[in-house]
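# Coordinates in review
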Amino acid sequence: MSADLQRPGRARRYTRARDRQVKFRATAEEYALLTEAARSAGLTPSGYAAEAALAAARGVRAPSLTPVREALVELMAARTQVRRVAVNVNQAVRVLNATGEAPEWLAAAVTITDRAVERLDGAAAELVQAARRSQRSATAPPLALTAREGA
């Protein structure tokens, strides 16, 4: 998918579409293992297979659900919950507009919700940066390879 055609709100890992296809067959047991590994890495089975094959070709580790990624998943779930609270606040504002009376808690709820969303967005951005740093360090060539190249 080109950068201009991406759906809003969802970060894309690749700027260019993968235009080549590789297929392979698996037994039921192999597919179950692949599916479980993909789930724990936060990927689809085909996405995991592609990432694992490319990692092997590059001589790096296969994708996995790192502690940073686990924290990011939890953080995004928390962000979703805060957004739901914001929806409730929005509904309270709608009642305010209809009746002319604001509940006592409305102003405080709006302030708390805004702060929480800002903090969660900042924390998510920090985790994304940490995950990228972790991924870059995982793609470094093994020391043995570096030593052989220098010899």
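All residue numbers refer to positions counted from 1 along the written sequence of the respective chain. Given that the model is predicted, a residue must reach a pLDDT of at least 70 before its local features are reported, and side-chain atom pairs must reach 80 or more before they are shown or counted; all residues, however, enter totals for whole chains, interfaces and linings. The basis for every side-chain value is the complete set of heavy atoms in the structure, and neither hydrogens nor water enter the calculation.

## Focus on the packing of helix α1 (residues 28-41) against helix α2 (residues 45-58)
Going by this rule: A fitted line through C-alpha atoms serves as each axis, taken over the contacting stretch for helices, and the angle formed by two N-to-C directions is quoted from 0 to 180°. What counts as a helix is a DSSP run of H or I of at least four residues, what counts as a strand is a run of E of at least two, and both are numbered from the N terminus. Oblique is the label for every angle not falling under 35 degrees (roughly parallel), over 145 degrees (roughly antiparallel), or within 65 to 115 degrees (roughly perpendicular). Between two residues, a contact is recorded if the distance between any of their heavy atoms is within 4.5 Å. Three residue categories are used. Nonpolar comprises Ala, Val, Leu, Ile, Met, Phe, Trp, Tyr, Cys and Pro, charged comprises Asp, Glu, Lys and Arg, and polar comprises the others, including Gly.
Remark: α1 packs on α2, axes separated minimally by 8 Å, with the N-to-C direction vectors making an angle of 85°. By the angle between their axes, α1 is roughly perpendicular relative to α2. Where α1 approaches α2, its residues Tyr-31, Leu-34, Thr-35, Ala-37, Ala-38 and Ala-41 are matched on the opposing element by Pro-45, Tyr-48 and Ala-49. The residue makeup of the contact of α1 with α2, split by class, is eight nonpolar, one polar and no charged.

## So, the environment of Leu-34
Inclusion rule: The cut-offs for exposure are 20% and 50% of the maximum accessible area for each residue type, with area from a 1.4 Å probe on protein chains only; residues under the lower value are buried, those over the upper are exposed, and the others partly exposed.
For Leu-34, the location among the structural elements is in helix α1. With relative accessibility at 16%, the residue Leu-34 sits in the buried group. The sequence separation of Leu-34 and Ala-49 amounts to 15 residues, and the corresponding C-alpha distance is 7.5 Å. When residues no more than four places from it in sequence are discounted, the contact partners of Leu-34 are Phe-24, Pro-45, Tyr-48 and Ala-49.

## Quick notes on the nonpolar core
This is how it is decided: Put simply, buried Ala, Val, Leu, Ile, Met, Phe, Trp, Tyr and Cys residues joined by side-chain atoms within 4.5 Å make one nonpolar core.
The biggest cluster of nonpolar side chains holds seven residues, and these are Leu-72, Leu-75, Val-82, Val-117, Leu-120, Ala-124 and Leu-127. The set of elements that each furnish at least two residues to this core consists of α3 (67-99) and α4 (106-138). Sorting elements by how many residues they give to this core places α4 first, with four residues. By size, the runner-up hydrophobic cluster in this structure holds five residues, among which are Leu-34, Ala-38, Ala-41 and Ala-49.

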